[in-house]
Amino acid sequence: MPGCKTTTLGIRIKLRDFILSLIVRWETNPSKKWSNVTFESADIDWDNLGFRFVPTDYMYVMKCSQGETFSKGELQRFGNIELSPCAGVLNYGQGLFEGLKAYRKHEGYILLFRPEENALRLRMGAERLCMPAPTMEQFLEAVKATVLANQRWIPPTGKGSLYVRPLLMGSGAVLGLAPAPEYTFLIYVSPVGNYFKEGLAPVNLVVETEMHRATPGGTGGVKTIGNYAAGNVISTPAVKGTILPGITRKSILDVALSQRFKVEERLVTVEELLDADEVFCTGTAVVVTPVGSITYLDKRVTYGSDGVGRVSQQLYSALTNLQMGLTEDEMGWIVELK
Ligand SMILES: *Cc1c(COP(=O)(O)O)cnc(C)c1O
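Residues numbered from 1 in each chain as written. Predicted model: local features only at pLDDT ≥ 70, side-chain atom pairs only at ≥ 80, totals over all residues. Heavy atoms only, no water.

Chemist: What am I meant to see in the UniProt feature "modified residue: N6-(pyridoxal phosphate)lysine" (unreviewed entry) in the chain here?
Modeler: In this structure's numbering, the residues bearing the UniProt feature "modified residue: N6-(pyridoxal phosphate)lysine" (unreviewed entry) are Lys223. For lysine 223, the position within the fold is in the loop between strand 8 (203-207) and strand 9 (233-236). (UniProt positions renumbered as here; feature names shortened; annotations may be inferred. Helix = DSSP H or I, 4+ residues; strand = E, 2+ residues; numbered from the N terminus.)

Chemist: What am I meant to see in the nonpolar core here?
Modeler: Ranked by size, the top nonpolar core spans 43 residues in total, and within it Leu96, Val143, Val147, Leu168 and Phe185 carry the most contacts. Those elements that provide at least two residues to this core are strand 1 (58-65), strand 4 (100-104), strand 5 (110-113), helix 4 (115-128), helix 5 (136-149), strand 6 (161-170), strand 7 (182-192) and strand 14 (334-337). Of all the elements, helix 5 adds the most residues to this core, at eight residues. If we skip the residues at most four places from it in the chain, leucine 96 touches Leu122, Gly125, Ala126, Leu129, Met131, Pro166, Leu167, Leu168, Val222, Lys223, Thr224 and Ile225. Among the nonpolar cores identified, the runner-up in size contains 17 residues, and Phe113, Ile234, Val311 and Leu315 belong to it. (Core = buried A, V, L, I, M, F, W, Y, C linked by side-chain atoms within 4.5 Å. Buried < 20%, exposed > 50% of the residue type's maximum accessible area, 1.4 Å probe, protein only. Contact = heavy atoms within 4.5 Å.)

Chemist: I would appreciate a short explanation of the pattern of salt bridges in the present structure.
Modeler: Pairing between side chains becomes possible if they bear opposite charge and their charged atoms approach one another. Tallying each qualifying case throughout the model produces ten salt bridges. A salt bridge links lysine 338 to glutamate 336, with the shortest nitrogen-to-oxygen separation between them at 3.7 Å. Assessed through its relative accessible area of 69%, lysine 338 is described here as exposed. For glutamate 336, a relative accessible area of 37% corresponds to the partly exposed category. (Salt bridge = Lys/Arg side-chain N within 4 Å of Asp/Glu carboxyl O.)

Chemist: Any chance you could explain the packing of helix 4 against helix 5 here in plain terms?
Modeler: Helix-helix packing is described using two parameters, namely the angle between the two axes and the distance between the axes. Between helix 4 and helix 5, the least distance of the axes is 9 Å, while the angle of their chain directions is 125 degrees. As judged from the angle between their axes, helix 4 and helix 5 are oblique. Between helix 4 and helix 5 lies a crossing of right-handed hand. Judged by residue contacts, Pro115, Glu116, Asn118, Ala119, Leu120, Leu122 and Arg123 of helix 4 engage Met136, Phe139 and Leu140 from helix 5. A per-class count over the contact of helix 4 with helix 5 returns seven nonpolar, one polar and two charged. (Axes fitted to C-alpha atoms, helices over the stretch in contact; angles between N-to-C directions. Parallel < 35°, antiparallel > 145°, perpendicular 65-115°, else oblique. Left-handed = near helix turned anticlockwise from the far one by under 90°. Nonpolar A, V, L, I, M, F, W, Y, C, P; charged D, E, K, R; others polar.)

Chemist: Looking at this model, I keep getting lost on helix 8 (residues 310-323). Mind explaining?
Modeler: For an α-helix, 3.6 residues make a turn, and residues three or four places apart therefore share a direction. Its 14 residues give helix 8 an end-to-end C-alpha distance of 20 Å, which sits within 8% of 20 Å, the value for a rise of 1.5 Å per residue. What helix 8 keeps buried is the set Val311, Ser312, Leu315, Tyr316, Ala318, Leu319, Thr320, Leu322 and Gln323. Among the residues trailing helix 8, glycine 325 stands out with phi positive, at a value near 75 degrees. (Expected span 1.5 Å × (residues − 1).)

Chemist: Help me out: how do you make sense of empty space enclosed by the protein in this one?
Modeler: Over the atoms rolls a probe the size of a water molecule, and its path tells where empty space is left. Computed from the structure, the largest cavity encloses a volume of approximately 100 Å³. Along the walls of the largest cavity sit Gly99, Leu100, Lys101, Tyr103, Phe113, Asn118, Ile247, Thr248, Gly283, Thr284, Val287 and Gln323, which together make up its complete lining. Looking at the lining of the largest cavity, the elements that each hand over two or more residues are strand 4 and helix 6 (247-258). Here the lining of the largest cavity gets three residues from one element, more than from any other, and that element is strand 4. Looking at the lining of the largest cavity residue by residue, the class counts come to five nonpolar, six polar and one charged. For the lining of the largest cavity, the domains that each give at least three residues are domain 1 (8-14 + 198-330) and domain 2 (58-193). (1 Å grid on protein atoms, 1.4 Å probe; cavity = no way out; pocket = protein on both sides within 12 Å on 5 of 7 lines; lining within 4 Å. Points joined across faces, edges and corners; volume = space filled by probe spheres on them. Domains from an automatic or database assignment.)

Chemist: For this particular structure, what's the right way to read the pairing of strand 11 (residues 280-283)?
Modeler: Each regular strand displays side chains that alternate between the two surfaces of the sheet. With four bridges connecting them, strand 11 and strand 12 (residues 287-296) associate as antiparallel partners. Along strand 12, the bridge assignment pairs threonine 282 with valine 288. Between strand 11 and strand 12, which follow one another and run antiparallel, lie three residues. (Pairing = 2+ DSSP bridges.)

Chemist: For this particular structure, what's the right way to read the packing of aromatic side chains?
Modeler: The relative placement of two aromatic rings is captured by the distance of their centres and the angle of their planes. For the structure on display, the rule yields eight aromatic pairs. Note on phenylalanine 53 and phenylalanine 78: the rings are 5.7 Å apart at their centroids and 45 degrees apart in plane angle, and the pair reads as tilted. Here the residue phenylalanine 53 occupies a position in the loop between helix 2 (30-33) and strand 1, and phenylalanine 78 occupies one in the loop between strand 2 (74-77) and helix 3 (88-92), the gap between them amounting to 25 residues. According to the relative accessible area criterion, phenylalanine 53 is partly exposed, its value standing at 45%. Ring geometry for phenylalanine 78 against tyrosine 188: centres 6.5 Å apart, planes inclined by 65 degrees, an arrangement best described as edge-to-face. In this pair, phenylalanine 78 sits in the loop between strand 2 and helix 3 while tyrosine 188 sits in strand 7, placing the two residues 110 residues apart along the sequence. Of the aromatic side chains, those joined through ring pairs into one cluster are Tyr60, Phe70, Phe139 and Phe185. Positioned above the aromatic ring of tyrosine 58 is the side chain of arginine 77, whose terminal nitrogen or guanidinium carbon lies 4.9 Å from the ring centre. (Phe/Tyr/Trp six-rings, centres within 6.5 Å; stacked < 30°, edge-to-face > 60°. Lys NZ or Arg CZ within 6 Å of the ring centre and 35° of its normal.)

Chemist: What is the right way to read the confidence of the model for the chain from this model?
Modeler: Detailed reading of the predicted coordinates is not advisable wherever pLDDT is low. Taken as a whole, the chain shows an average pLDDT of 84; of its residues, 84% reach a score of 70 or greater. Within the model, pLDDT remains below 50 along residues 1-38, and this stretch shows 29 contacts once partners closer than five positions in the same chain are excluded. (pLDDT = per-residue confidence, 0-100.)

Chemist: I would appreciate a short explanation of the side chain of threonine 320 in the present structure.
Modeler: Position of threonine 320 relative to the elements: it lies in helix 8. Within the structure, the side chain of threonine 320 is placed 2.8 Å from the backbone oxygen of tyrosine 316, a separation counted as a polar contact. (Polar contact = N/O pair within 3.5 Å; in protein donor to acceptor, adjacent residues only side chain to side chain.)

Given below as structure tokens:
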């Protein structure tokens, strides 16, 4: 490992870390210790969960050097991490994030929604940003282990979910513009309420004509840390280059198709947008967010009477019922943790 000096102190620190990591590993090995244990629920007010960060018990950490592959990830107590001020992620934005949710189903089962899709998207983003990435299997195992280790933080059925946030970053020190020499894959989790208390709530948008979130040839299509928007026909821009391939987006389109909506993936003009009966956005955090109004130049258009359109409501209910295990998973999207 670069920068790893074998002084006595260094060895002593390594030995201490090793012993600590053994203790943590013994404490946290989910398959050995936790398979039949029901955990006491965390002491929080489940009825007033928002989307604020709530620290939990464990995080997953796995490292690798440039040119090598990830191995030996482990659960650690949740806490701050140490980074060189020269870390690639801090200086050149070499970082990606993911987001998915774990739900508690009635009979004590825990459900994940399409976690392989997050694994694949992370791998695509990593390739774009010249980073090594965990394999699909490593990603899935890491997500499962982190969720199981923190299961007392999964809200009771219907009260919300455990938001799972994987990060992949250049953690090694670089000064010249180059890929970092070391990479860290980390997963932390936080319980979240339903983004909006009553499920859905409209947002008001403005069409920005001067600034751009993403440009052709840029990184709008991968989940980089620096990316931060009629009748029975649902139209959405195709995922080409600047549009992030949302897993919720894709799932909503499939659910809509199964409910006999017509789905079009094509260029949508602002004029059409202003002319639509209903407009909504999608994402894991909110699932579906109805748009209450859009302002373009000096024109403001509002949608729906009380703001939440029929189609938004219908698709939101269909997808969240599936995610919570309340309806039959005909798509094969649900992963059960036992
Ligand atoms: C994460 C994200 C989304 C939502 O994607 P999901 O996979 O549905 O959670 C949409 N747009 C951008 C820019 C994002 O970063």
